[in-house]
Amino acid sequence: MFSNILIYFVVIPLVMLLGLALCRDIKQIRAVAVTGSTALIALSVWLLVDYLSQRSAGVDAPMLYVDSWAWFAPLNINLAVGVDGISIAMLLLSSIILFTGSFASWQIPQPKEFFLWLILLSTGVYGFFISIDLFTMFMFYEVALIPMYLLIGIWGTGRKEYSAMKLTLMLMGGSAFLMLSIIGIYYHSGPDANGAAHTFNLLQIAANDAIPHSWQYFLFPMAFVGFGVLGAMFPFHTWSPDGHACAPTAVSMLHAGV
């Protein structure tokens, strides 16, 4: 597993969480936050350079650094990772935001708890951008939901409780639509490369092209509404201005940037 560079975008934040849990004073907390975020920036830059070098060398696969590890074999759920150019850009942007957000939160009250939730939020963000398995991608997004609620509700300003609750309820509603579409896609995905009846793997779903058009008419609107809410697309965006305005600086940077 650890031979694939992408997995370190989840491993480093998890190590940071462990380090923060063991911290005893503000200096140690700041050291963990800055060291970990610096490592993530370095990893993102290395990944960008290597990705561009592979593309310039003629590698034309849709996704690079593709790998997969089984999580729950009966339903063919895997930790499947891979990135394209957009994913690379979002990983780099997330790393820059986390690094600068750490300094922006230098004087935040209750710093240990704040950084624990912020790093857990970033774990969900990184996991979302490296996932090519629909179930795993959905799981990582949901990992980020509760930290977002607490970070705004406790460390936010203005109508923070209202904004945090509105954000959470609307995102949960969007997630419900998205989950229904993912289940429908899974049961009409066709066999995967190993012969399993169904798959969550995006590349395999695209290669199979097995979803009947009659089902696409039902699945697409649910996916569109789900991603529309999660991505704050008009007219599903009403949670975003409230959450953005009330969030602490680092959370607002993540919220607005990625």
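Structure shown above.
Remember, it's a predicted structure, so these values are computed and weren't measured experimentally. (Residues numbered from 1 in each chain as written. Predicted model: local features only at pLDDT ≥ 70, side-chain atom pairs only at ≥ 80, totals over all residues. Heavy atoms only, no water.)

## A few points about unusual backbone geometry
The omega angle of the peptide bond from Phe234 to Pro235 is 5°, so this bond is cis rather than trans. Along the chain, Pro235 falls in the loop between helix H9 (213-230) and helix H10 (239-246). A positive phi angle, near 55°, is found at Asn76, a position not held by glycine. Of note, Asn76 is situated in the loop between strand E1 (64-72) and strand E2 (77-83). The phi dihedral of Gln110 is positive, around 50°, even though this residue is not glycine. (Helix = DSSP H or I, 4+ residues; strand = E, 2+ residues; numbered from the N terminus.)

## A word on the pattern of salt bridges
All chains considered together, the criterion is met by 1 salt bridge. Among the ionic pairs, Lys166 bridges to Asp242, the shortest N-O distance being 2.9 Å. Remark: Asp242 occurs in helix H10 and Lys166 occurs in helix H7 (residues 160-187); sequence separation between them is 76 residues. Judged by relative accessible area, which is 22%, Asp242 ranks as partly exposed. (Salt bridge = Lys/Arg side-chain N within 4 Å of Asp/Glu carboxyl O. Buried < 20%, exposed > 50% of the residue type's maximum accessible area, 1.4 Å probe, protein only.)

## Details of helix H4 (residues 111-130)
The first and last C-alpha atoms of H4 sit 28 Å apart over 20 residues, in line with the 28 Å expected at 1.5 Å per residue. Judged by how many residues are buried, H4 sits mostly within the fold: 14 of 20 residues are covered. (Expected span 1.5 Å × (residues − 1).)

## Remarks on the pairing of E1
The two faces of a sheet get side chains in turn, since along a regular strand they alternate between them. Both E1 and E2 contribute to a ladder of 6 bridges, which runs antiparallel. What sits directly across from Leu64, in E2, is Val83. Here E1 folds back onto E2 in antiparallel fashion, the turn holding 4 residues, of which Asn76 has a positive phi close to 55°. (Pairing = 2+ DSSP bridges.)

## Observations regarding the pairing of E2
Of all 7 residues that make up E2, 7 are buried, and the element is covered over most of its length. Of the two faces of E2, the one holding Ile77, Leu79, Val81 and Val83 and the one holding Asn78, Ala80 and Gly82 are both buried throughout.

## Observations regarding the nonpolar core
Counting residues in each nonpolar core, the largest one holds 66 residues, and the members touching the most others are Leu6, Phe114 and Leu118. For this core, the element with the most residues is H4, which contributes 9 residues. (Core = buried A, V, L, I, M, F, W, Y, C linked by side-chain atoms within 4.5 Å.)

## Quick word on the packing of aromatic side chains
Taken as a whole, this structure holds 13 aromatic pairs when the rule is applied. Arranged with centres 4.9 Å apart and planes meeting at 80°, the rings of Tyr186 and Tyr187 form a pair that is edge-to-face. The partly exposed category is assigned to Tyr187, whose relative accessible area is 47%. Ring centres of Phe220 and Phe224 lie 5.8 Å apart, and the angle between their planes is 35°; this geometry places the pair in the tilted category. Of this pair, Phe220 and Phe224 both sit in helix H9, 4 residues apart, which is roughly one turn of that helix. Exposure remark for Phe220: the relative accessible area of 56% places this residue in the exposed category. With relative accessibility at 36%, the residue Phe224 sits in the partly exposed group. Within the aromatic cluster, the residues linked to one another by ring pairs are Phe135, Tyr186, Tyr187 and Phe200. For the cation-ring pair, Arg159 lies above Tyr162, with the distance from its terminal atom to the ring centre recorded as 4.2 Å. (Phe/Tyr/Trp six-rings, centres within 6.5 Å; stacked < 30°, edge-to-face > 60°. Lys NZ or Arg CZ within 6 Å of the ring centre and 35° of its normal.)

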